[in-house]
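# Geometric and topological summary
For reference, the chains in residue letters:
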Amino acid sequence: MLTLSIMEDRMAADGFQFDFTPEVEAATLPAWEKVKGHVTPMEWRLHAPLIAEINRLKREKDAVILAHNYMTPEIFHGVGDYVGDSLGLAKEAARSDAKVIVQAGVHFMAETSKILSPEKRVLIPDLRAGCSLASSITGADVRLIKQRYPGLPVITYVNTTADVKAETDICCTSANAVQVVEEAARAWGVDRVILIPDEFLARNVARQTDIGIIAWQGRCEVHERFTAADILEIKAAYPGAEVLAHPECPAEVLEVSDFAGSTAAMNDYVIQKRPKRVVLITECSMADNVAADAVGTEFVRPCNLCPHMKRITLENIYEALLHDRHEVTVDPAIAERARLAVQRMVDLPPPAVPARYDLVKARHHVDVELI
């Protein structure tokens, strides 16, 4: 994070005065009302001028900002035009009429936005914003897997690079992974599929279906750190708290949780059910963002931060917009093939019931074949 003096010097060099004026205060008041329970007034006086200027630049440059659920509250509520999970953001990017997309997320998300919106200029504020899952596998790895298992459909999690998606038959998210596995098995006429690269997602999906799963040993560095002992300790310390776990967590975490689903499913659960006390077993900033819309729910925060997501700041979002910095491109040949895999997923009908992981099934052991 930039210090105040560095920020002031840089903003002055760009011709922007870093002042918390009455005009700035008025322009950012709706965002402040959302985040004031999670951002101090002192921090807000630093954030608000940037928020106001970023929102002005968006209008000037015909740009939108896609803010992932793991962004910090001042980004998520202050400058995000579309907020949500990675696939939801990419879909919104494709529907938007804006000429420029700024991805407040990690690099594979920006690639997915470019794949679905090839005519738009896609910027990422920090090129170092990567992903442990995306870096765990390459397109060359997938080609070798297909040689080893000819005839089996390859299902790839959206948390992957464009070259991996280009070698894929169909993509999935944590919200629809079970549906995609069963649809791919039906369409290919097989009783097992390849689901890569997240090992824990594959293990959790395997417990939800009769389709056999061949998996890769990739892991999310945030979710793999949670343990069943952590969850039991939280439940003992906060009786009655409802524990919501992401399916990128180890299977034993889901076994002792009260609900499991994607970030979107977690958000919907809290907003619709309004539990008195809740624990989100996922990246730390999501609790702050959901809490802004769930007044009356107490959030217990077992805090694992994603170092990649936290590379995105108001400062580098501002600089990306101001200087058209860090454009994300995808080779057209790769993009065309990757788009087919993503589009197959997008074209699937929505599930008959809201996507969630059956926790009764989750407690049954089902082996996967690890590559």
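Residue indices begin from 1 for each chain and proceed along its sequence in written order. Thresholds applied to this predicted model are a pLDDT of at least 70 for local features of residues and 80 or more for the giving and counting of side-chain atom pairs; totals over whole chains, interfaces and linings are not thresholded and use all residues. Values reported for side chains reflect all heavy atoms of the structure, with hydrogen atoms and water molecules removed beforehand.

### Topic: the side chain of T209
The topology assignment puts T209 in the loop between α11 (199–206) and β8 (212–215). Exposure classes here rest on a 1.4 Å probe applied to the protein chains alone. A residue is buried below 20% of its type maximum, exposed above 50%, and partly exposed in between. Judged by relative accessible area, which is 10%, T209 ranks as buried. Whenever two N or O atoms come within 3.5 Å, that pair is a polar contact, provided that in protein one can donate a hydrogen and the other can accept it, and provided that, for residues adjacent in sequence, both atoms are side-chain atoms. In this structure the side chain of T209 is engaged in a polar contact, spanning 2.9 Å, whose partner is the side chain of E182. Engagement of the side chain of T209 in a polar contact is seen with the backbone nitrogen of I211, the distance being 3.1 Å. Pairs of residues are marked as contacts when any of their non-hydrogen atoms sit within 4.5 Å. Beyond its immediate sequence surroundings of up to four residues, T209 is in contact with V181 and E182. Here a helix means four or more residues in a row that DSSP labels H or I, a strand means two or more in a row labelled E, and each is numbered from the N terminus.

### Some details on the side chain of T160
The residue T160 is located in the loop between β5 (154–157) and α9 (162–165) in this model. The buried category is assigned to T160, whose relative accessible area is 0%. The residues contacting T160, other than those within four sequence positions of it, are F108, A134, I137, K165 and P197.

### A few points about the environment of K273
Within the secondary structure, K273 sits in helix α14 (residues 263–273). Between the C-alpha atoms of K273 and T156, which are 117 residues apart in sequence, the distance is 32 Å.

### Notes on α14
By the burial criterion, the buried members of α14 are T263, A265, M266, Y269 and V270. With its buried residues spanning 165° around the axis, α14 presents them on a single face. Tucked into the core, α14 has its buried residues touching β9 (242–245), β10 (259–260), β11 (277–281), α15 (285–291) and β12 (298–300). Where α14 ends, the next residue or the one after it, R274, has phi of about 45°, a positive value. The directions considered for the arc are those from the helix axis to the C-beta atoms.

### Some thoughts on the confidence of the model for the protein
A low pLDDT means the predicted coordinates there should not be read in detail. Confidence in the prediction for the protein averages 91 pLDDT; 94% of positions are at 70 or higher. The predictor reports its confidence for every residue as pLDDT, a score running from 0 up to 100. Counting interchain partners and residues more than four positions distant, the pLDDT-below-50 stretch residues 1–6 has seven contacts.

### With respect to the sheet that holds strand β4 (residues 121–123)
Read from one edge to the other, the open sheet built from four strands follows the order β2-β1-β3-β4, with strand pairing classed as parallel. Edge positions in the open sheet fall to β2 (82–84) and β4, since each of these has one partner strand only. Taking each pair of neighbouring strands and ignoring which way they run, the sheet shows an average axis angle of 20°. Sheet analysis places strand β1 (residues 63–68) next to strand β3 (residues 100–104), joined by five bridges and oriented parallel. Paired with V64 across the bridge in β3 is I101. Pairing between strands is defined by DSSP: at least two bridges between the two strands are required. Only the stretch in contact is used when a helix axis is fitted, and all axes are lines through C-alpha atoms; the angle between N-to-C directions ranges over 0 to 180 degrees.

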